[in-house]
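Architecture at a glance
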Amino acid sequence: MATLELERKKDDGTALKLEFTRVIRASRARVYEAWTRPEILQKWHAPGDMNFVSATLDVREGGTYEVLSQGMMCAKEGMTDEDRKRQVAVRGQYLRVIPNELLQFTWNGSWAPTETSMVTVFLRDVEGGTEIRLRHEQFATESSRDGHAMGWESLFGKLAAAIEA
């Protein structure tokens with residue numbers, strides 16, 4: 001069972017955010033590896049109908065990452081071969097790394113180069129596996145937040161399929 005919470009921008013200017021929680025039937029170490037090892041990341045880190053291309057990960061505080069995917073997030077009628085071949089990148093820097101517990105990193109997608117947001121992934125043991133709580137915040141617009149919510153929902157489904165025992 002997954003839960004998704006969306007927070008609107010408050011009057012005080014607090015940034016928009018989303019929180020997504022899901023239990024994965026796998027150990028915390030296995031879930032952490034899925035976020036930090038390119039050979040596992042490639043099995044799940046491409047939303048919708050997109051395909052994973054490559055990942056470069058320097059998983060340490062101050063280290064950087066880049067994940068390339070190809071295609072369009074949602075298959076659409078009239079999609080061209082050019083649409084299917086389009087590459088998108090997400091890049092950022094790791095701010096906090098606590099193995100098997102927490103990853104926090106900036107997030108900058110090539111489709112919105114002026115927007116840099118922040119993702120925090122919390123891992124904890126629960127009965128039956130590992131609870132992942134993802135908080136993604138500092139979106140520029142509600143539209144961006146809502147698009148990312150759809151993307152994360154897709155990714156979490158693929159993550160579960162890739163690593164659950």
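For the protein chain, the Sequence similarities (unreviewed entry) comment in UniProt is given as "Belongs to the AHA1 family."

The first and last C-alpha atoms of helix α4 (residues 142-163) sit 31 Å apart over 22 residues, in line with the 32 Å expected at 1.5 Å per residue. For α4, the set of buried residues is Ser144, Arg145, His148, Ala149, Gly151, Trp152, Leu155, Phe156, Leu159, Ala160 and Ile163.

In terms of strand pairing, strand β4 (residues 64-70) meets strand β5 (residues 87-98) through seven bridges, oriented antiparallel. Pairing of glutamate 66 across the sheet is with arginine 91, part of β5. Direction of pairing for β5 relative to strand β6 (residues 102-109): antiparallel, over a ladder of six bridges. Bridge pairing in β6 links isoleucine 98 to leucine 102. Taking the residues between adjacent antiparallel strands as the criterion, β5 and β6 are bridged by three residues, where asparagine 100 takes a positive phi near 65°.

Now for the side chain of serine 144. Mapped onto the secondary structure, serine 144 falls in helix α4. Among the residues examined, serine 144 registers a relative accessible area of 15% and is labelled buried. For serine 144, the residues in contact, after removing those within four places along its chain, are Glu115 and Phe139.

The next thing to look at is the packing of aromatic side chains. Enumeration over the complete set of coordinates arrives at nine aromatic pairs. Centre to centre, the rings of tyrosine 94 and phenylalanine 105 are 5.9 Å apart; their planes meet at 70°, and the pair counts as edge-to-face. Here tyrosine 94 is found in strand β5, whereas its partner phenylalanine 105 is found in strand β6, with eleven residues between them in sequence. Like phenylalanine 105, tyrosine 94 is buried. With 6.3 Å between their ring centres and 90° between their planes, tryptophan 152 and phenylalanine 156 make a pair best called edge-to-face. Here phenylalanine 156 and tryptophan 152 lie together in helix α4, a separation of four residues that amounts to about one turn. Of the residues examined, tryptophan 152 reaches a relative accessible area of 2% and is grouped as buried. Each residue in the set Phe20, Trp35, Trp44, Trp107, Trp152 and Phe156 is aromatic and connected to the rest through ring pairs, giving one cluster. The cationic tip of arginine 133 hangs over the ring face of phenylalanine 122; the distance from NZ or CZ to the ring centre is 4.0 Å.

Under the defined criterion, the tally for this structure stands at 14 salt bridges. Between aspartate 125 and arginine 28 there is a salt bridge, with its nearest N and O atoms 3.1 Å apart. Note that aspartate 125 is positioned in strand β7 (residues 117-126) and arginine 28 in helix α1 (residues 28-36), a separation of 97 residues in sequence. Accessibility expressed as a relative area gives 48% for aspartate 125, which makes it partly exposed. Between arginine 145 and aspartate 146 there is a salt bridge, with the nearest N and O atoms lying 2.7 Å from each other.

Parameters and conventions
- Residues numbered from 1 in each chain as written.
- Predicted model: local features only at pLDDT ≥ 70, side-chain atom pairs only at ≥ 80, totals over all residues.
- Heavy atoms only, no water.
- UniProt positions renumbered as here; feature names shortened; annotations may be inferred.
- Helix = DSSP H or I, 4+ residues; strand = E, 2+ residues; numbered from the N terminus.
- Expected span 1.5 Å × (residues − 1).
- Buried < 20%, exposed > 50% of the residue type's maximum accessible area, 1.4 Å probe, protein only.
- Pairing = 2+ DSSP bridges.
- Contact = heavy atoms within 4.5 Å.
- Phe/Tyr/Trp six-rings, centres within 6.5 Å; stacked < 30°, edge-to-face > 60°.
- Lys NZ or Arg CZ within 6 Å of the ring centre and 35° of its normal.
- Salt bridge = Lys/Arg side-chain N within 4 Å of Asp/Glu carboxyl O.

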